[in-house]
Amino acid sequence: AFIESPTFGGSSWLAHSSLLAGVEVRDPQTYQLLLTQQCDTLPDRFARQGYRSLALMPGLRYAWPEGAFYGFEKIYDARALAYQGPEFGWWRIPDQYAVARFDQLEVATAPRQPLFVFYPTISSHLPFRPTPPYQADWARMLAQQPFEPGTLAASLARTPDWTNLGPAYTDALNYSFTWLAGYLEKHADSDLVIIVLGDHQPPASVSGASAPWEVPVHVITQRTDILESLQSAGLQPGLQPRRPALGPMHELTAALLKVFDSGETSPRSASKRSAPVSSHQSGV
């Protein structure tokens with residue numbers, strides 16, 4: 001489906017807080033006020049149901065004390081992910097590495113709690129290049145040299161063209177969808193609910209004049225109970241979202257909670273369970 005973002009071309013945290021808190025946040029003043037409130041967030045809700053609520057944030061390089069507001073049990077920032085490979089542009093860490101490292105640290109451990117994961121991806125973030133190459137050997141992503149020298153050199157040589165960012169944006173999204181598809185293939189037998197949500201449109205230099213503030217949301221799972229509830233909530237099967245939009249982003253929060261409540265309310269003990277995983281792709 002499509003939903004309406006509270007922001008356009010940047011200020012991703014306004015969209016993130018709208019979704020996580022279920023409150024419309026369209027400006028910095030509202031955001032600052034929200035952080036002073038007692039608010040039941042999505043991480044809080046899932047923690048009460050026995051989930052380990054985590055934030056995977058490879059783009060976070062500095063202290064983030066306001067992160068305590070959301071109630072995450074742990075925040076995996078750039079330092080915690082300990083990336084030692086080649087750096088890609090401003091954001092350094094390839095998304096594929098971030099999820100591979102997270103799998104190693106959290107998903108592969110057994111026994112463990114089920115996981116609620118909030119993941120703002122960064123490889124699709126402005127300026128979009130250099131775009132990391134996809135590594136089919138996921139285990140190699142954790143090595144200091146995850147890519148073949150020639151492949152790496154070709155990727156790093158593709159720098160942003162600030163007067164024509166459209167091709168770079170397309171490359172970045174292609175990379176995002178490629179690693180996501182690879183991750184799904186790698187976890188084909190896992191009990192996953194993955195929400196892929198655009199936090200905002202890219203800048204107008206990419207999206208064009210008078211572009212709508214609508215962004216796509218996809219939910220990927222094998223859980224038929226959840227899929228049926230999602231369709232009752234207005235989402236449609238398939239890869240192509242349809243208009244009109246369901247509504248503003250903060251209303252999606254209540255809709256998702258209703259969908260999850262309609263299914264299994266207590267987590268299973270299976271070690272492969274990681275549901276839901278919330279993945280946000282900047283500028284999708």
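To be clear, the structure that these remarks concern was listed above.
Everything quoted here is computed from the prediction, not taken from an experiment. (Residues numbered from 1 in each chain as written. Predicted model: local features only at pLDDT ≥ 70, side-chain atom pairs only at ≥ 80, totals over all residues. Heavy atoms only, no water.)

### So, the overall build of the chain
Of the regular secondary structure elements, the chain holds 10 helices and seven strands. For 284 residues, the compact-globule estimate of 2.2 N^0.38 gives 19 Å, and the C-alpha radius of gyration of the chain, at 18 Å, lies within 12% of that figure. Structurally, the chain occupies a C-alpha span of about 50 × 50 × 40 Å along its principal axes. Looking at the chain residue by residue over its 284 residues, the buried ones come to 51%. (Helix = DSSP H or I, 4+ residues; strand = E, 2+ residues; numbered from the N terminus. Rg over C-alpha atoms; globule rule 2.2 N^0.38 Å. Buried < 20%, exposed > 50% of the residue type's maximum accessible area, 1.4 Å probe, protein only.)

### Notes on the pattern of salt bridges
For the structure on display, the rule yields 14 salt bridges. For R48, the salt bridge is made with D40, and the minimal N-O distance between the two is 2.8 Å. By relative accessible area, which is 54% here, R48 ends up exposed. The exposure class assigned to D40 is partly exposed, which follows from its relative accessible area of 33%. Residue D171 pairs with R129 through a salt bridge whose shortest N-O separation is 2.7 Å. Of this pair, D171 sits in helix α7 (residues 166–186) while R129 is found in the loop between β4 (115–121) and α6 (149–156), placing the two residues 42 residues apart along the sequence. One connected set of salt bridges, linked through shared partners, spans E4, E24 and R26. (Salt bridge = Lys/Arg side-chain N within 4 Å of Asp/Glu carboxyl O.)

### Quick word on helix α1 (residues 12–21)
Structurally, the α-helix is built with 3.6 residues per turn, so residues lying three or four positions apart point the same way. Judged by how many residues are buried, α1 sits mostly within the fold: nine of 10 residues are covered. Here α1 has its buried residues at S12, L14, A15, H16, S17, S18, L19, L20 and A21. Positive phi appears at G22, one or two residues downstream of α1, with a value of about 70°.

### With respect to empty space enclosed by the protein
The full count for this structure, using the stated rule, is three cavities of 30 Å³ or more. Taken as a whole, the second largest cavity spans an internal volume of roughly 100 Å³. In this structure, the second largest cavity is lined by 15 residues; those nearest its centre are F88, W91, I122, S123 and P130. The residue inventory of the lining of the second largest cavity, partitioned by class, reads 10 nonpolar, three polar and two charged. (1 Å grid on protein atoms, 1.4 Å probe; cavity = no way out; pocket = protein on both sides within 12 Å on 5 of 7 lines; lining within 4 Å. Points joined across faces, edges and corners; volume = space filled by probe spheres on them. Nonpolar A, V, L, I, M, F, W, Y, C, P; charged D, E, K, R; others polar.)

### Some thoughts on the nonpolar core
Nonpolar side chains in soluble globular proteins generally cluster together in the buried interior. Grouped together as the largest cluster of nonpolar side chains are 37 residues, with contacts concentrated most on L197 and F260. Listed by contribution, the elements that provide at least two residues to this core are α1, α2 (28–34), α3 (42–48), β4, β5 (192–198), β6 (214–221), α9 (224–232) and α10 (249–262). L56, F88, F102 and W179 belong to the second-largest nonpolar core, a separate cluster that totals 29 residues. (Core = buried A, V, L, I, M, F, W, Y, C linked by side-chain atoms within 4.5 Å.)

### What to know about the side chain of H250
Relative to the assigned elements, H250 resides in helix α10. When its relative accessible area of 17% is taken as the criterion, H250 is described as buried. Discounting residues that sit within four places of it in the chain, H250 has contacts with S18, G22, V23 and E24. (Contact = heavy atoms within 4.5 Å.)

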